[in-house]
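Here is what each chain is made of, one letter per residue.
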Amino acid sequence: MRTTAVRRSALAASAAALALLVTACGGSGDSDSGKGDEGKADSSAAPAAKALTAAELEKAALVQADVKDGKVVTKVPATDDLSADKVKADDEACQPLANLQLAVPVGSPAATVKRSWTGEAKKPAEGTDPAEALLAGLDVDKVLVTLASYEDGGAEQVMKDVDAAVEKCAKGFTSTAAGEKIEFLKVAKTEGPKGADESVEITVTMAADEGVEAPAKIVVARTGATVTGFSAVNFGAIAAGEEAPFPAQISDAQLAKLG
């Protein structure tokens, strides 16, 4: 079993789709020192909120002091920041999911800001079997956070488009990102975190080499005219054939700053 698990981890790490996830969720750079009802907010009853500027988003985005552990990167390198024209779903209805999984804003935002967070690796006990130690080293949550502000009700439309994409693409779809094909086997949603006007948590399961499935988490939340996307992955869980829970402390911290 140990050999199989290590082999799976190697396959997952080498698969093209997961390599893109490493790029999107594990960028390097300089760092600075609950659940709720999904999609039930009646946004039509109130006028559209004012879009935040890039400077305002920057002030509202996570910094190191906002998290209890792990590392926040405030300057995501350009190599870790795919542009919208580099991501294309085979079915246009699925485009929001293809974007969000790689931390690319949906639609046409007025301004955007990105952060990345990497949790702390679990240290194996002394004398741990090398195979198990390798898996322990992979057991790290990685999240890319994207804040995007929209004008004229665009944020509300993004949430509608995301909801429609989950329904239309529940049985899977394919996309191309930076020239690499990604096969999504299934898509499912559940309630998103509290602290936002609307939110949803989505699990996308991708295909890796030799039948290995790679589940990853996406959280999408709207606060006024700002949509925050959280794209998370844990390679240790993938290697073990498990589904890691979304690290809620990150969405809680970010949404608290926006609120």
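Residues numbered from 1 in each chain as written. Predicted model: local features only at pLDDT ≥ 70, side-chain atom pairs only at ≥ 80, totals over all residues. Heavy atoms only, no water.

Trainee: So what exactly am I meant to see when it comes to the overall build of the protein here?
Mentor: Assigned secondary structure in the protein consists of 8 helices and 9 strands. Residues counted as buried form 49% of the 259 residues belonging to the protein. Here the protein displays about 12200 Å² of accessible surface, and carbon together with sulfur accounts for 49% of that area. (Helix = DSSP H or I, 4+ residues; strand = E, 2+ residues; numbered from the N terminus. Buried < 20%, exposed > 50% of the residue type's maximum accessible area, 1.4 Å probe, protein only. Areas by Shrake-Rupley, 256 points an atom, 1.4 Å probe, with all protein chains shown as cover.)

Trainee: Just checking my understanding: could you explain the pairing of strand S9 (residues 226-234) for this structure?
Mentor: For a regular strand, side-chain orientation follows a simple rule: the groups alternate between the two sheet faces. The element S9 is largely enclosed, with a buried count of 9 among its 9 residues. Side chains Thr226, Thr228, Phe230, Ala232 and Asn234 project from S9 onto one buried face, and the interleaved Val227, Gly229, Ser231 and Val233 project onto a second face that is buried too. Bridge count for strand S4 (residues 141-149) against S9 is 9 bridges, and the pairing is antiparallel. Residue pairing in the sheet places Leu147 in a bridge with Thr228 of S9. Across 7 bridges, the pairing between strand S8 (residues 213-223) and S9 is antiparallel. By the bridge assignment for S9, Arg222 is matched with Val227. (Pairing = 2+ DSSP bridges.)

Trainee: Help me understand the nonpolar core, please; the structure alone is not making it clear to me.
Mentor: In summary, soluble globular proteins display a tendency toward joint burial of nonpolar side chains. Core analysis: the largest hydrophobic core is formed by 38 residues, its most contacted members being Leu97, Phe173, Ile202 and Val220. Looking at which element gives the most residues to this core, the answer is helix H6 (residues 154-168), with 6 residues. Formed by 21 residues, the second largest nonpolar core is a distinct cluster that contains Leu57, Val72, Phe246 and Leu258. (Core = buried A, V, L, I, M, F, W, Y, C linked by side-chain atoms within 4.5 Å.)

Trainee: Teacher, can you tell me more about unusual backbone geometry here?
Mentor: As a rule of thumb, non-glycine residues mostly have phi less than zero, and peptide bonds are mostly trans rather than cis. Even without glycine at this site, Ala103 takes up a positive phi of about 60 degrees. One can find Ala103 in the loop between helix H4 (95-101) and strand S3 (111-118). In this structure Ala103 comes out as buried when scored by relative accessible area, which is 5%. Notably, Asp152 is not glycine yet its phi reads approximately 55 degrees, a positive angle. Along the chain, the position of Asp152 falls in the loop between S4 and H6.

Trainee: Help me out: how do you make sense of the state of the cysteines in this one?
Mentor: Note: disulfide means a covalent bond formed between the sulfur atoms of two cysteine side chains. For the structure on display, the rule yields 1 disulfide. What pairs with Cys94 in a disulfide is Cys169, and their sulfur atoms sit 1.9 Å apart. Between Cys94 and Cys169 the sulfur-sulfur dihedral comes to about -105 degrees; the bridge is accordingly left-handed. Residue Cys94 is located in the loop between strand S2 (87-89) and H4, and its partner Cys169 is located in the loop between H6 and strand S5 (173-177); the two are separated by 75 residues in the primary sequence. (Disulfide = S-S within 2.5 Å.)

Trainee: Even after reading the chapter, I still don't get the pairing of S4, so can you show me in this structure?
Mentor: Most of S4 sits inside the fold, with 8 of its 9 residues counted as buried. Relative to S4, S3 runs antiparallel, the two sharing 8 bridges. Each residue of the ladder has a partner; that of Ala111, found in S4, is Ser149.

Trainee: What is the right way to read the pattern of salt bridges from this model?
Mentor: Side-chain pairs of opposite charge can arise where the charged atoms are in close proximity. For the structure shown, the criterion picks out 10 salt bridges. For Lys217, the salt bridge identified is with Glu201, shortest N-O distance 3.6 Å. Of this pair, Lys217 sits in strand S8 while Glu201 sits in strand S7 (residues 198-207); the two residues are 16 residues apart in sequence, bridging distant segments of the chain. On the basis of relative accessibility, which here comes to 9%, the residue Lys217 falls in the buried class. Note on Glu201: relative accessible area 7%, which makes it buried. A salt bridge links Lys217 to Glu243; its shortest N-O distance comes to 2.7 Å. Residue Lys217 is found in strand S8, and its partner Glu243 is found in the loop between helix H7 (235-239) and helix H8 (248-258); the two are separated by 26 residues along the sequence. Judged by its relative accessible area of 48%, Glu243 is partly exposed. (Salt bridge = Lys/Arg side-chain N within 4 Å of Asp/Glu carboxyl O.)

Trainee: What should I look at first to understand the sheet that holds S4 in this one?
Mentor: Across a sheet, paired strands are connected by hydrogen bonds in the backbone, their directions being either parallel or antiparallel. A sheet is described by the order of its strands in space; here 9 strands give the open sequence S1-S3-S4-S9-S8-S7-S6-S5-S2, paired in antiparallel fashion. Of all strands in the sheet, those with a lone pairing partner are strand S1 (71-73) and S2, marking the two edges. When the angles between neighbouring strand axes are averaged without regard to direction, this sheet yields 25 degrees. Contacting S3, S4, S8 and S9, H8 runs over the sheet at an angle of about 165 degrees to S9. (Axes fitted to C-alpha atoms, helices over the stretch in contact; angles between N-to-C directions. Contact = heavy atoms within 4.5 Å.)

Trainee: When you look at the packing of aromatic side chains in this model, what are you seeing that I'm missing?
Mentor: Ring pairs (aromatic) are described by centroid distance and by the angle formed between their planes. Under the counting rule described, the total for this entry stands at 2 aromatic pairs. Aromatic side chains Phe173 and Phe184 sit 4.3 Å apart centroid to centroid with 10 degrees between the ring planes, which places their arrangement in the stacked category. Here the residue Phe173 occupies a position in strand S5, and Phe184 occupies one in strand S6 (residues 180-191), the gap between them amounting to 11 residues. The pair formed by Phe173 and Phe184 is uniform in burial state, with each residue classed as buried. Ring centres 5.9 Å apart and planes at 75 degrees place the aromatic pair Phe230 and Phe246 in the edge-to-face group. You can see Phe230 sitting in strand S9 and its partner Phe246 sitting in the loop between H7 and H8, a full 16 residues away along the chain. (Phe/Tyr/Trp six-rings, centres within 6.5 Å; stacked < 30°, edge-to-face > 60°.)

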